[in-house]
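# Examination of the molecular architecture
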Protein chains: 2
Amino acid sequence: MFQEQSKPDAIDLSHHLSVVARNRTVSPLKNLQKYFGKPGILSLAGGLPSPEYFPFENIGANVLAPDSFSHATSKGPLSWFWDLFSSKATTIPISVPKYPENPEDVNLATALQYGLARGIPQLQEVIKELTTKIFQPGYADFATLLHAGNTDGWMKAVTTLCNPGEGVLCDEWTYPSALATMLPYGMRAVPVKMDGQGMSSGSLREVLSQWNEESRRMSRPRVMYVVPVGQNPTGATMDAERKKEIYTICVEFDVIIVEDDPYYFLQEGPYQFPSQRSVRGSPESEISDEKYIASLSPSFLRFDYQGRVVRLDTFSKIIAPGSRLGWFTCNPLFAERLERQGETSTQAPCGFGQSLITQLLMNWQFKGCIQWLKGLRAQYTQRRNFFIDCLVEKFHLEIAPSTYNFFDGSAVYLASQIRRGYRNEKADTRVLFSFVPPTSGMFVWLRLHFEGHPKLQELGQETLEMKLWIALAEGGLLIGPGSMFSADRTVSEGGCPGHFRISFSNAAFEDLKKAVDIFERVLREFHENA
Amino acid sequence: MFQEQSKPDAIDLSHHLSVVARNRTVSPLKNLQKYFGKPGILSLAGGLPSPEYFPFENIGANVLAPDSFSHATSKGPLSWFWDLFSSKATTIPISVPKYPENPEDVNLATALQYGLARGIPQLQEVIKELTTKIFQPGYADFATLLHAGNTDGWMKAVTTLCNPGEGVLCDEWTYPSALATMLPYGMRAVPVKMDGQGMSSGSLREVLSQWNEESRRMSRPRVMYVVPVGQNPTGATMDAERKKEIYTICVEFDVIIVEDDPYYFLQEGPYQFPSQRSVRGSPESEISDEKYIASLSPSFLRFDYQGRVVRLDTFSKIIAPGSRLGWFTCNPLFAERLERQGETSTQAPCGFGQSLITQLLMNWQFKGCIQWLKGLRAQYTQRRNFFIDCLVEKFHLEIAPSTYNFFDGSAVYLASQIRRGYRNEKADTRVLFSFVPPTSGMFVWLRLHFEGHPKLQELGQETLEMKLWIALAEGGLLIGPGSMFSADRTVSEGGCPGHFRISFSNAAFEDLKKAVDIFERVLREFHENA
């Protein structure tokens, strides 16, 4: 069933195009393309400045070598300190001249000129290679197309696929910016319940099979938004089995899956206590590229035999967010409409960014990219480990199975206060928060337990969450309040259960440690002085 | 009346916001801004990668000095050839490190990180300075805000200001991409007649005052799209008087003016025959910066005492199109809504482009920018002159006043064939095309005269235009077919009168000459062999 074929199953996906996408005309200049670039033809058609007037004669950079980050995950909480001194600081100079000697090289005269919305050809090739070798779509004639980062990609996907008044399936806890993009256009979130792997396939089937147009006041949703790896905010990751189940349901109910996957390369694997970790982990550099790729949770593209997946990739988490560069992978019909949309909004992504990133990736080559990604995964694993280690240090933790919502099926860490003065003896048995150490991504998602809080009845969970959040901020620690990730406004009105999203991706290690100290102190006082 | 004031007249412009713009929520992260960046606070709120993981240690460029292009316009058709050898090729190295020593310098750690949609602070400052000193808005609390080029800016403006089914006032001949942006969203073009200065104020008043909702099947338009300098495609430029007239009408009928002004700095001035030009023109470097700025046609912003102008500026024509960077200037109410739109689509423009362009402009400083712009204007003047000189050389031209449409009020050049074998004697009196040498921009707009063509009755003007266009392309010359610039579909259905848009902005001078040779030959054969 999931074998690669040359074309997606010949089903008609054109009815998925929104009114806007259908009305979008082919760019007027496109009509001239029959003659554009024909040898010997003089073009005085476009309003193009002469490259002579671009004040940049060349641009360049010093870039890190692809082996800059150790591939091994280190053991103890202090090993990051030693890594600082042992890290290789090799840099490689790259440059992009306006007019290179070899006409096939990346050049500024093209990258800084008006160009096709699909971007410079060298970058198109690099992206095609990455997509083919890593994501391995289930059919051969898939298309890749640049966008200006996944927020831009999602905006283009949603306005290409949805009409005002339609619903979009999403996780009950989801990325608020994704909702902020679509809600003003009159598209509505249709939350699906989650478990420890993210979207529950059982709940998805329930929502779709029991859809009632009248009570819902909208037709059955035809589009899904999902972050399948290191889900934002819960950190959950779907395995292949879950993805196949969801894909099968989407075939049955004719749903397009928009797979927003920025954390794909940050698959850190299961957390282990420091005492259980091997001395230097197993160095990732010893894993072959094939094994590394096979170790990553497969994309929905892998199972896409009908061309109903629109995948969004971005350089934000693997190069830098300011790249504002990423790409769609989808069927050629959707790609053509998305390209037309690019022509009348962002046009091609920034030529400075395109050419520098292309030159970087061409310098690294595919093998170097994989090396970089392995190193990056090791870095994030170390950060995840360090942060959880700090929690382990500061709280008494018990591990138990859970059936609660997004924890369902996972081993949950229940955190309680360590009795002061009786360290390593008994803990206060009252659970203050619980969490599942994430296996991917940048976030730890905490469920707050206000059950024993004396003001719970009076104030409700959402207010307590906000009061605690303010107390933390006043105490010097800023984290994500859980209520802002709720897709379900009715839950929110009835009082959102308390959660926090904490990011371990950015702060210095000593600040991560300080953050846990602040968290422990403020949480204790919040419960004790209530 | 047009004096600068601290705030625009206290009229309520909020009713101009579209349903989409009204529904747009403040970014969820914005709620955290009370605490963001507070001294001593640890932020673990956002999903930001550590700058340590950005593989760019620094980026840099060799950029042209601001005096790279001679400020004098040269006399004869061959002087460009000498300029090639006399041009200064001084380049200046600039660089942007990840962590500069001076914390106020542009740095990659910030430019490549997630940031506010309004962009890096140093660029905001540069843009504010350019806008204040050059465009001189009529009120002090105007806002500037980055976008990703004017196509993106127009997309954001139109979806912020218009609802589906509403009309947008525009020139009867206009930039097709601007229409392609808005038409799929159900917004409709309302063409206004033109004269030699672009949009006719008389026709604008007529359209608005005689608006009939029932026969038009839409409410009176509340938004105008206009390219006031070097209009695309006609090349027309409005003077201050016309802008004041239009502004006054827009006040009366409560219309928002979206001023798309990419050619603002390419104000070449009137064309003169080579024999009438002074030996080296008047070198622009001798003009003071104040006089240079005063010599430019004022922006609509200058007269904007009510905050009803949304100006779109771009680096496309003055730095490079691949910058995909530009800015809005408008009232703070609109700017806030446009910024929210940026947050949920493009976010901040590309950090590579932002930082390199900022570093360039900070290196040049304001004085250098003006020097660069003077040089650029001289270059385009030379190109415009050279191209018209070639037409003068190849055709018999007579100058006459005209009342025809976009020529109305201008001296029109009527071109006819020079009789072969009788050069410099009598011309074939049949006018083949006519044009007004543009005073700004990149284009010459030709009106084709098919009156004497034997197949006019049979085929109609639009078909003849297309046949001639194909004959030119087959002959090796690609130009813009006029019909694609028609805003009025009903004219188009009834047969669009024949026009071509020819760009002199990009081709090498010898190719411009070749192009005119091809044009002359193909046009002659088209009429003779019909």
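Just so it is clear, the structure is predicted and the values come from calculations on it, not from any experiment.

Okay, the overall build of chain A next. Along chain A, the regular secondary structure elements total 16 helices and 19 strands. Its C-alpha radius of gyration of 25 Å places chain A within 12% of the 24 Å reference for a compact globule of 530 residues. In terms of overall dimensions, chain A has a C-alpha envelope of 85 × 65 × 45 Å along the principal axes. Within chain A, the fraction of its 530 residues that count as buried is 62%.

Once that is clear, we can look at empty space enclosed by the protein. Counted according to the given criterion, the structure contains 10 cavities of 30 Å³ or more. Put simply, the largest cavity is a space of about 130 Å³. Lining the largest cavity are 16 residues, with M155(A), S345(A), D152(B), M155(B) and S345(B) positioned closest to its centre. Residue assignment for the lining of the largest cavity shows that the elements contributing at least two residues are α5 (150-161) of chain A together with α5 (150-161) of chain B. The class makeup of the residues in the lining of the largest cavity is four nonpolar, eight polar and four charged.

So, on to helix α7 (residues 201-209) of chain A. Residue and element names in this part refer to chain A. Of the residues making up α7, those classed as buried are S201, S203, L204, V207 and L208. Summarising the axial view, the buried residues of α7 lie within an arc of 160°, below the 170-degree limit, and thus occupy one face. Contacts from the buried residues of α7 go to β5 (167-171), β6 (188-192), β8 (198-199), α8 (213-216), β9 (223-226) and α9 (240-252). With a side-chain oxygen positioned 3.3 Å from the backbone nitrogen of G202, the residue opening α7 is S200.

Here we come to the pairing of β9(A). Residue and element names in this part refer to chain A. Burial along β9 is two-sided: the residues V223 and Y225 and M224 and V226 are all buried. Alignment of β5 against β9, held across two bridges, turns out to be parallel. Residue pairing across strands places L169 opposite M224, the latter belonging to β9. Across four bridges, the pairing between β9 and strand β10 (residues 256-260) is parallel. From the neighbouring strand, V223 faces β10, where its bridge partner is I256. What joins β9 to β10 is α9, and the crossover it makes is right-handed.

For the pair chain A and chain B, the relating rotation is 180°, the translation along its axis is 0.0 Å, and the fit reaches an RMSD of 0.0 Å. Within this description, the copies of the chain are treated as partners about a two-fold rotation axis. Across chain A, the smallest distance between a C-alpha and the rotation axis is recorded for G60(A), namely 2.6 Å. Both copies share a contact surface, since 100% of the interface residues of chain A are interface residues in chain B too.

The next thing to look at is the packing of aromatic side chains. For the structure shown, the criterion picks out 50 aromatic pairs over all chains. Taking 4.9 Å as the distance between ring centres and 70° as the angle between the ring planes, the aromatic pair formed by F386(B) and F509(B) counts as edge-to-face. With F386(B) in helix α12 (residues 351-394) and F509(B) in helix α16 (residues 509-528), this pair connects stretches of sequence that are 123 residues apart. As far as the burial class goes, F386(B) and F509(B) line up, both buried. The rings of Y271(A), F273(A), F395(A), Y413(A), F433(A), F435(A) and F519(A) are connected pair by pair, giving a single aromatic cluster. The residue whose ring lies beneath K128(A) is F142(A), and the NZ or CZ to ring-centre distance is 4.7 Å. Its end group placed over the ring of F443(A), R501(A) keeps NZ or CZ at 3.8 Å from the ring centre.

Residue and element names in this part refer to chain A. Packing of helix α12 (residues 351-394) against helix α16 (residues 509-528) brings their axes to within 10 Å, and their N-to-C directions diverge by 30°. Taken together, α12 and α16 sit at an angle that is classed as roughly parallel. For the pair α12 and α16, the crossing hand works out as right-handed. Residue-level inspection shows Q382, R383, F386, F387, C390, L391 and K394 of α12 in contact with α16, the latter providing F509, L512, K513, V516, D517 and E520. Classifying every residue of the contact of α12 with α16 gives seven nonpolar, one polar and five charged.

All names here are of chain A. Inspection of every chain in the model, using the stated rule, returns 46 salt bridges over all chains. Residues R242 and E245 are paired through a salt bridge, measuring 3.9 Å at the closest nitrogen-oxygen approach. Of this pair, R242 and E245 both sit in helix α9, three residues apart, roughly one helical turn. For E245, a relative accessible area of 35% gives the class partly exposed. Beyond isolated ion pairs, a larger network of salt bridges with shared partners links R118, E336, R337, E339, R340 and E343.

Residues and elements named next belong to chain A. Pairing is mixed across the open sheet formed by seven strands, whose spatial order is β4-β12-β11-β10-β9-β5-β6. The open sheet has two edge strands, β4 (143-147) and β6, and neither has a second partner. Along the sheet, successive strands turn relative to each other by an average axial angle of 25°, direction set aside. Here β4 pairs with strand β12 (residues 326-330) via five bridges, running antiparallel. Residue pairing for β12: A143 is matched across the bridge by C330. Of the strands in this sheet, β4, β11 (309-314) and β12 touch helix α4 (residues 121-135), which is tilted by about 125° from β4. Of the strands in this sheet, β9, β10 and β11 are in contact with α9, which crosses β10 at around 145°.

Next up on the list: the state of the cysteines. One covalent bond between the sulfur atoms of two cysteine residues makes up a disulfide. Evaluation of the coordinates by the stated rule reveals zero disulfides over all chains. Its sulfur unpaired, C369(B) is 18 Å from the next cysteine sulfur, which belongs to C350(A).

We now examine the environment of P137(B). Residue and element names in this part refer to chain B. Within the secondary structure, P137 sits in the loop between α4 (121-135) and β4 (143-147). Distance in space between the C-alpha atoms of P137 and I357 is 24 Å, their sequence separation being 220 residues. Other than its neighbours up to four places away in sequence, P137 contacts E4, T131, T132, F142, L301, R302 and T329.

With that settled, consider the interface of chain A and chain B. Across the contact, 107 residues belong to chain A and 107 residues belong to chain B. Here chain A packs against chain B, burying approximately 8,700 Å² in sum over the two surfaces, 64% of which is carbon and sulfur. Summed over the shared surface of chain A and chain B, the number is zero salt bridges. The tally of links from chain A across to chain B stands at 43 residue pairs in polar contact (both at pLDDT 80 or more). Taken together, the residues of the side of chain A that touches chain B break down into 62 nonpolar, 32 polar and 13 charged.

The rules we used
- Residues numbered from 1 in each chain as written.
- Chains lettered and ligands numbered in written order.
- Predicted model: local features only at pLDDT ≥ 70, side-chain atom pairs only at ≥ 80, totals over all residues.
- Heavy atoms only, no water.
- Helix = DSSP H or I, 4+ residues; strand = E, 2+ residues; numbered from the N terminus.
- Rg over C-alpha atoms; globule rule 2.2 N^0.38 Å.
- Buried < 20%, exposed > 50% of the residue type's maximum accessible area, 1.4 Å probe, protein only.
- 1 Å grid on protein atoms, 1.4 Å probe; cavity = no way out; pocket = protein on both sides within 12 Å on 5 of 7 lines; lining within 4 Å.
- Points joined across faces, edges and corners; volume = space filled by probe spheres on them.
- Nonpolar A, V, L, I, M, F, W, Y, C, P; charged D, E, K, R; others polar.
- Arc of directions from axis to C-beta.
- Contact = heavy atoms within 4.5 Å.
- Polar contact = N/O pair within 3.5 Å; in protein donor to acceptor, adjacent residues only side chain to side chain.
- Pairing = 2+ DSSP bridges.
- Right-handed = clockwise from strand over helix to strand, strands pointing away.
- Least-squares fit on C-alpha atoms with pLDDT ≥ 70 in both.
- Phe/Tyr/Trp six-rings, centres within 6.5 Å; stacked < 30°, edge-to-face > 60°.
- Lys NZ or Arg CZ within 6 Å of the ring centre and 35° of its normal.
- Axes fitted to C-alpha atoms, helices over the stretch in contact; angles between N-to-C directions.
- Parallel < 35°, antiparallel > 145°, perpendicular 65-115°, else oblique.
- Left-handed = near helix turned anticlockwise from the far one by under 90°.
- Salt bridge = Lys/Arg side-chain N within 4 Å of Asp/Glu carboxyl O.
- Disulfide = S-S within 2.5 Å.
- Buried area = accessible area lost by both parts, 1.4 Å probe.

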